[in-house]
Amino acid sequence: MSIGGSTIAAELAALKVDFAAPPPISRDERLQRLERARRLTRDAGADAAIINAGASLRYFAGVPWGASERLVAMILPVNGKPVMICPTFESGSLEAVLEIEADVRLWEEDENPFALVASTLRDVQANVVAIDPALPYEMVVRLGAAAPTLKKQDGSSVVNGCRMYKSAAELALMQYAKNLTLEVHRRAARVLAPGISTADVRRFIEDAHRKLGTAGNTFCIVHFAEATSYPHGLPGEQQLRENDIVLIDTGTAVHGYNSDITRTYIFGKATEEQRRIWDLEHEAQATAFAAAQLGAECQAVDAAARGFLTRAGLGPDYKLPGLPHRTGHGIGLSIHEPAYLVRGDRTPLAPGMCFSNEPMIVIPGKFGVRLEDHFYMSEQGPKWFTQPQASIDAPFGR
């Protein structure tokens, strides 16, 4: 079926990558991460850190498993080899993905894994432990019951103190993922036609990401017309009509590192109001980028964007019409991760930090405009991963 002068099948068939994929994170880099984590653990006054399954365990050990009710974790003493805690029946799978040298201690299904953690902490002479902020509260309670004299403290300074600052290898993986997603965005705009559904567009984006060699979308938001005035949309599907506003927010992952790009544009002819709000959004995004200077607090970036919009007659603060959410979030192995471009986050901007820049404008009951690109902090200041959209009419050029 012909759609928008082309066909979905033809767009998928023509889709290809003309830029080289970067290598995955090396074992040497993971060892450097472990050493930094040890230093930060020691600086925090702890003897060991506990890292739960999920993005942080992948960061340190290369284990790409999500957290579940079964404890899979790493104990990292400030001195000595890491220790992996794992169910016995998963040991073969763990060994197949583990990218660091570690002792492995196993527990059976009818055993208490936290008793094993407690005995391991005693063996490594850890009386104070820094706990991954992603370890569920229920597990922290069970650890306390198994080790009543153990002193537990927040391990955010250890985890975030490593993961917030991306290496050159991480930046390369993120750049590649964003390049892929931007190309998918370009193709998605070309398959739009009257009557196409949001579900059709989401399926195309999923198939396109897979065609480019990823596991597919990590998420995908597609909205038309009034649904764009809800930052994360409404239930149900919409069909595209002439002169609708289109908002597409999607991303993928490469070796776990995420892209996350939003484009908003007109399918047809924009009204004067739509064009004015789009232009304000574009300038708010540029204002936020200009405020992201080395040493500035994260909250200053949000203040700059929000202040610009307030002077333009929107808001103030989170009031609508205006900007209903933070200006941006950190990104890496998690789509949303510290630090955040929001009031109250006083983290100073430093080289290696990566953020979304998306000061969305919502006009309730009518439409919303979100332009989302990401930048990283270089030694010279902020650098775009992808260049911002140029206009409401030609999101990817003529």
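Everything in this summary refers to the structure shown in the same document.

Describing the overall build of the protein
Counting its regular elements, the protein contains 11 helices and 18 strands. For the protein, the C-alpha radius of gyration of 23 Å lies close to 21 Å, the compact-globule estimate for 398 residues. Considered along the principal axes of its C-alpha atoms, the protein spans approximately 70 × 50 × 40 Å. Sorting the 398 residues of the protein into buried and exposed places 55% on the buried side. A separation of at least 24 residues holds for 67% of the contacts in the protein among residues at least 6 apart in sequence. Taken as a whole, the protein presents about 16,700 Å² of accessible surface, with 51% of it coming from carbon and sulfur.

Looking at the environment of N258
Its location among the elements puts N258 in strand β10 (residues 257-258). Residue classification places N258 among the buried residues on the basis of a relative accessible area of 5%. Here the alpha-carbon distance between N258 and R311, two residues 53 residues apart in the chain, equals 34 Å. Excluding its chain neighbours within four sequence positions, the residues that come into contact with N258 are M174, A177, K178, T218, T252, A253, I331, G332, L333, S334 and I335. Within the structure, N258 has its side chain in polar contact with the backbone oxygen of L333 (distance 3.2 Å).

Considering the environment of P113
Within the secondary structure layout, P113 lies in helix α5 (residues 113-123). Taking relative accessible area as the criterion, P113 reaches 4% and is therefore assigned buried. Placed 260 residues apart in sequence, P113 and D373 show a C-alpha to C-alpha distance of 43 Å. Apart from residues lying up to four places away in sequence, P113 is in contact with L71, W107 and R142.

Rules used throughout
Residues numbered from 1 in each chain as written. Predicted model: local features only at pLDDT ≥ 70, side-chain atom pairs only at ≥ 80, totals over all residues. Heavy atoms only, no water. Helix = DSSP H or I, 4+ residues; strand = E, 2+ residues; numbered from the N terminus. Rg over C-alpha atoms; globule rule 2.2 N^0.38 Å. Buried < 20%, exposed > 50% of the residue type's maximum accessible area, 1.4 Å probe, protein only. Contact = heavy atoms within 4.5 Å. Areas by Shrake-Rupley, 256 points an atom, 1.4 Å probe, with all protein chains shown as cover. Polar contact = N/O pair within 3.5 Å; in protein donor to acceptor, adjacent residues only side chain to side chain.

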